[in-house]
Amino acid sequence: MPAYSLLTPNVFVGSVDLTPFTTAANVSLTAAVADSTTFGSAGFVTKVVGLEDSNFDFSVNQDFSSDGVGVLLPTSALGTTYPVTVCPSNGNASGDPAFLLSGIWNQSNPVTGAVGDLASDSLQFAGTAPFARGQLAHPSAARTATGNGNVLTLTGPTATQTLVAHLHVFNVSGTTPSLTVNVQSAATIGFASPTTRATFTAATAVTSQRIILAGPVTDGFWRVTWTI
């Protein structure tokens with residue numbers, strides 16, 4: 001098994017690509033354990049799984065210029081709930097692993113350090129919805145025409161599971177721009193008869209969205225399509 005270095009991961013918070021500012025990322029996933037020991041436990045401690053939780057924080061280089069993190073994520077937005085996507089692999093390609101999280105931005109340290117120190121900030125989020133590990137359906141890049149994403153192999157959610165999808169729109173241009181993104185599945189890799197499983201609300205400005213799709217879905221192949 002090769003060693004792995006975090007060199008160029010991607011961090012998306014709402015409608016902000018935090019990647020150019022981020023110097024460290026920490027994602028913590030936990031499952032509480034409750035003691036269920038009884039006299040009938042034969043002298044052994046027994047436990048059951050309780051609540052799951054997530055917390056995540058990002059260290060960033062602070063920048064108060066017009067396109068800096070201090071303006072893109074102003075402290076006035078503290079308390080806002082964001083869909084957050086972290087792609088830890090060193091790249092930005094379809095199929096790369098991704099963690100999909102949702103959290104309340106509950107702490108910021110916008111001004112820290114002594115004279116001559118690099119201006120920095122620490123953004124902390126408290127998880128507030130189910131988290132998921134999945135795949136990057138389509139890389140971050142400018143799109144000017146309607147199209148289809150690459151086909152991904154992904155086991156569909158069972159009857160007790162859900163599928164989570166995030167949409168991050170970082171830039172918009174044009175007179176009357178509109179972007180509609182669909183999440184589709186199919187039984188075969190050729191996508192002969194795709195089924196649209198979820199549709200994001202049409203994006204007409206910089207925005208972000210989170211969709212949760214209840215199972216079951218037996219299809220094993222997925223893609224996104226977009227209409228501009």
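Rules and cut-offs
Residues numbered from 1 in each chain as written. Predicted model: local features only at pLDDT ≥ 70, side-chain atom pairs only at ≥ 80, totals over all residues. Heavy atoms only, no water. Helix = DSSP H or I, 4+ residues; strand = E, 2+ residues; numbered from the N terminus. Salt bridge = Lys/Arg side-chain N within 4 Å of Asp/Glu carboxyl O. Buried < 20%, exposed > 50% of the residue type's maximum accessible area, 1.4 Å probe, protein only. Phe/Tyr/Trp six-rings, centres within 6.5 Å; stacked < 30°, edge-to-face > 60°.

Undergrad: In this structure, what is going on with unusual backbone geometry? I would like to understand it.
TA: In most cases, non-glycine residues show a negative phi, while peptide bonds are predominantly trans. Cis geometry is adopted by the peptide bond preceding Pro216, which originates at Gly215 and carries an omega value of 5°. Within the element layout of this structure, Pro216 appears in the loop between β14 (207–214) and β15 (221–227). In this model, Ala42 sits at a positive phi of 60°, which is unusual for a non-glycine residue. Checked against the element boundaries, Ala42 lands in the loop between β3 (22–35) and β4 (47–61). Not every positive phi belongs to a glycine, and Phe191 is a case in point at roughly 55°. Among the secondary structure elements, Phe191 is positioned in the loop between β12 (180–186) and β13 (195–199).

Undergrad: What am I meant to see in the pattern of salt bridges here?
TA: Oppositely charged side chains can pair when the atoms bearing their charge come close. According to the stated counting rule, one finds 1 salt bridge in the structure shown. Residue Asp219 is joined to Arg197 by a salt bridge in which the shortest nitrogen-to-oxygen separation is 3.1 Å. Remark: Arg197 occurs in strand β13 and Asp219 occurs in the loop between β14 and β15; sequence separation between them is 22 residues. According to the relative accessible area criterion, Asp219 is buried, its value standing at 12%.

Undergrad: Hey, could you run me through the packing of aromatic side chains in this one?
TA: The geometry of an aromatic ring pair comes down to the distance between the two centres and the angle between the two planes. Counted under the stated rule, the structure contains 5 aromatic pairs. Note on Phe56 and Phe125: the rings are 5.6 Å apart at their centroids and 10° apart in plane angle, and the pair reads as stacked. Placement of Phe56 in strand β4 and of Phe125 in strand β7 (residues 120–127) is noted, with a sequence separation of 69 residues between them. A single burial state applies to Phe56 and to Phe125, both of which are buried. Measuring from centroid to centroid gives 6.4 Å for Trp105 and Phe125, while their planes differ by 25°, and the two rings are stacked. Taken together, the residues Trp105 in strand β6 (residues 97–108) and Phe125 in strand β7 connect sequence positions 20 residues apart. Here the two residues Trp105 and Phe125 agree in accessibility, since each one is buried. Linked through ring pairs, Phe56, Phe58, Tyr82, Trp105 and Phe125 together constitute an aromatic cluster.

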